[in-house]
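Summary of the model geometry
Residue strings, one per chain:
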Amino acid sequence: MPLALLALAVGAFGIGTTEFVMMGLLPNVADDLHISIPSAGHLVSAYALGVVIGAPLLAALTARMSRRRVLVALMVLFVAGNAVSAAAPDYHLLMAARFVSGLPHGAFFGVGAVVATSLVAPERKARSVSLVFLGLTVANVIGVPIATLMGQQLGWRATFLAVSAIGLAAITALLLLVPADHGHGETGGLRGELKALGSLPVWLSLGTTVAGFGALFAAYSYVTPMLTGAAGFAEASVTLLLALFGVGATAGNLLGGRLADRSLRGTLFGGLVSLGVVLALFPVLMRAEWSAVVAVVLLGTAAFITGSPLQLMVMEKASAAPSLASSANQAAFNLANAGGAWIGGLALAAGFGLTSPAVAGAALAVLGIGVAGVAYGVDLRRSQAVVASATTGRGLLVASHVPDVVSAPDAGQTTRRR
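Reading the values: the criteria
Residues numbered from 1 in each chain as written. Predicted model: local features only at pLDDT ≥ 70, side-chain atom pairs only at ≥ 80, totals over all residues. Heavy atoms only, no water. Helix = DSSP H or I, 4+ residues; strand = E, 2+ residues; numbered from the N terminus. Buried < 20%, exposed > 50% of the residue type's maximum accessible area, 1.4 Å probe, protein only. Contact = heavy atoms within 4.5 Å. Areas by Shrake-Rupley, 256 points an atom, 1.4 Å probe, with all protein chains shown as cover. Axes fitted to C-alpha atoms, helices over the stretch in contact; angles between N-to-C directions. Parallel < 35°, antiparallel > 145°, perpendicular 65-115°, else oblique. Left-handed = near helix turned anticlockwise from the far one by under 90°. Nonpolar A, V, L, I, M, F, W, Y, C, P; charged D, E, K, R; others polar. Expected span 1.5 Å × (residues − 1). Bend = angle between axes of the 7 residues up to and from the residue. Phe/Tyr/Trp six-rings, centres within 6.5 Å; stacked < 30°, edge-to-face > 60°. Patch = residues over 30% accessible without salt bridge, like charges linked within 9 Å, V, L, I, M, F, W, Y side chains within 5 Å. Salt bridge = Lys/Arg side-chain N within 4 Å of Asp/Glu carboxyl O. Core = buried A, V, L, I, M, F, W, Y, C linked by side-chain atoms within 4.5 Å. pLDDT = per-residue confidence, 0-100.

A count of helical and extended segments in the chain gives 16 helices and 2 strands. Residues counted as buried form 52% of the 418 residues belonging to the chain. Of all intrachain contacts in the chain linking residues separated by at least 6 positions in sequence, the fraction that spans at least 24 positions is 83%. Within the structure as shown, the chain displays about 18,000 Å² of accessible surface, and the carbon and sulfur contribution to it stands at 68%.

Structural data, given as structure tokens:
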């Protein structure tokens, strides 16, 4: 695997760290800025909103630019957003800075996935995408816990300065390791990008992402009350358990990339089925501490097996605009984050029990399987139509080259009609 993937993974590590660290720093930020914790929670939403808006917008606007230049520019914007976050004197500026920090997130992963697949042989495409995402999953294991501890000990502003430093390291690595290119050369600009994104298979792939990862976040958003209230863990143990989720996600990401290079659709269906089964078993697994640990690890593994297949499938379905489609998939991932948490919250608020969000997540996983099945059916019909068209075309071609002959019984031979 080329070293350029390391540069992309460093950028992904910084992005993953800044995305999730705010959740652990909410009390610190609330105390320092004299706001309530629910108000501080809006900072998480501001970042997610930036991702959803920025992912397709920035990818479309940079459609004809050099991919390396786009990646560097996105990381510059990322560094600026985090630096302003560190220096923000009040809540409103911090909110704006978090929004800006989220803008490059989806486009970086989107363009980065396209660059990664362009650097390797076709049979290693999914694996290359998984190595880019490795930075995101490792951030949950190492980056977020260390950054949270730093924020608690040195102040939350120190965390965002550290993330800015990671962004600067990523910029340096991108300039040194990613090959120079002279533009995407894949579309006719913004109009071509949007046209390629408008096909039914692309939207079905995006819908699978929303349902599949919505299943994950329906449960993961409420995993802390499950672990403390149902499994009986002390609150001090939750940080370690969430790190174990990151370990499972890292393993699932690498496994999914390797398996998807052998069977893209088979890995996708297998991952979604596994996720649904794990979530359906949560009410049972959360009855004891040891089984709860197994559940958390398996949740991360099953969910992230589908990450690389979904990313690669969206890119292939929009082959004329892979950067925009890949970035849109990151926006879909964040919609899944918000929507899954909302649906899990509805189950919890309805009084169905602490583990009910996981059951709601299992239902979303089934929905994801259904959408993926519809996508498979659409692809199958289109393939059959192409084969039928090609067969008809070959028949007409053969007929046009067959000599027109008539029989001459009296002569006992065939003569060519002139």
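Looking now at the packing of helix α11 (residues 264-280) against helix α14 (residues 307-317). The description of two packed helices rests on the angle between their axes and on the distance between the axes. Contact pair α11 / α14: the axes reach a minimum separation of 9 Å and the direction vectors enclose 135°. Between α11 and α14, the angle falls in the class oblique. For the crossing formed where α11 meets α14, the hand is left-handed. Facing L264, R265, T267 and L268 of α11, the residues of α14 in contact are P309, L310, L312, M313, E316 and K317. Taken together, the residues of the contact of α11 with α14 sort by class into 6 nonpolar, 1 polar and 3 charged.

Now for helix α2 (residues 37-61). Note: α-helices contain 3.6 residues per turn, so residues at a spacing of three or four share the same orientation. The first and last C-alpha atoms of α2 sit 36 Å apart over 25 residues, in line with the 36 Å expected at 1.5 Å per residue. The sharpest bend along α2 measures roughly 35° and falls at G54, with the proline P56 sitting one to four residues further on. Where α2 is concerned, the buried positions are A40, G41, L43, A46, Y47, G50, V51, G54, A55, L58, A59 and A60.

On to the packing of aromatic side chains. Overall, the coordinates contain 8 aromatic pairs when judged by the stated rule. Through pairs of rings, three or more aromatic residues link up here, namely F213, F217, Y220, F245, F304 and F333.

This part covers a nonpolar patch on the surface. A surface patch of nonpolar side chains, about 410 Å² in accessible area, is lined by L3, L6, L176 and L177. Structurally, L177 is set in helix α6 (residues 156-177).

The phi angle at H34 is positive, at roughly 60°, despite the residue not being glycine. Along the chain, H34 falls in the loop between α1 (4-33) and α2. With a relative accessible area of 73%, H34 lands in the exposed category.

Here we come to the nonpolar core. Ranked by internal contacts, the top residues of the largest apolar core, which has 83 residues, are L8, L174, L216 and M286. The element that contributes the greatest number of residues to this core is helix α4 (residues 91-118), accounting for 9 residues. Each residue touching M286, except ones within four places of it in the same chain, is listed here: M226, L227, A230, A231, A292, A295, V296 and T355.

Scanning all chains against the criterion turns up 4 salt bridges. Ionic pairing is found between D32 and R157, a salt bridge with its closest N-O pair at 3.4 Å. Of this pair, D32 sits in helix α1 while R157 sits in helix α6, placing them 125 residues apart in sequence. You can call D32 partly exposed: its relative accessible area is 38%.

Another point: the packing of helix α5 (residues 125-154) against α6. Interhelical geometry of α5 versus α6 gives an angle of 140° and a closest axis separation of 6 Å. In terms of their interaxial angle, α5 and α6 are classed as oblique. Of α6, the residues touching α5 (which contributes A147, M150, G151 and L154) are W156, A158, T159 and A162. Considering only residue class, the contact of α5 with α6 consists of 6 nonpolar, 2 polar and no charged.

In this section: the environment of V29. Structurally, V29 can be placed in helix α1. A relative accessible area of 0% places V29 in the buried class. A sequence separation of 123 residues divides V29 from Q152, and the C-alpha atoms of the two residues are 10.0 Å apart. When sequence neighbours within four positions are dropped, the list of residues in contact with V29 reads M22, I35, L43, L94 and W156.

It is worth spelling out the confidence of the model for the chain at this point. Chain-level statistics for the chain give a pLDDT mean of 85 and a share of 89% at 70 or above. The model gives residues 402-418 a pLDDT under 50, and that stretch makes 10 contacts with residues more than four places away or in other chains.

As for its placement among the helices and strands, T208 is situated in helix α8 (residues 200-220). By relative accessible area, T208 is classed as buried at 2%. Excluding residues within four positions of it along the chain, T208 makes contact with L268, L272, L310, G368, V371 and A372.

It is worth spelling out the environment of V378 at this point. Tracing the backbone shows V378 in helix α16 (residues 356-401). Put simply, V378 and L200 are 178 residues apart on the chain and 8.5 Å apart in space, counted from C-alpha to C-alpha. Those residues in contact with V378, other than ones at most four positions away along the chain, are L200, P201 and L204.

With 28 residues, helix α15 (residues 322-349) ought to run about 40 Å at 1.5 Å a step, and its terminal C-alpha atoms sit 40 Å apart, in line with that. Within α15, 20 of the 28 residues are buried, which leaves the element mostly enclosed by the surrounding structure. Positioned one or two residues after α15, G351 has a phi angle of 85°, which is positive.

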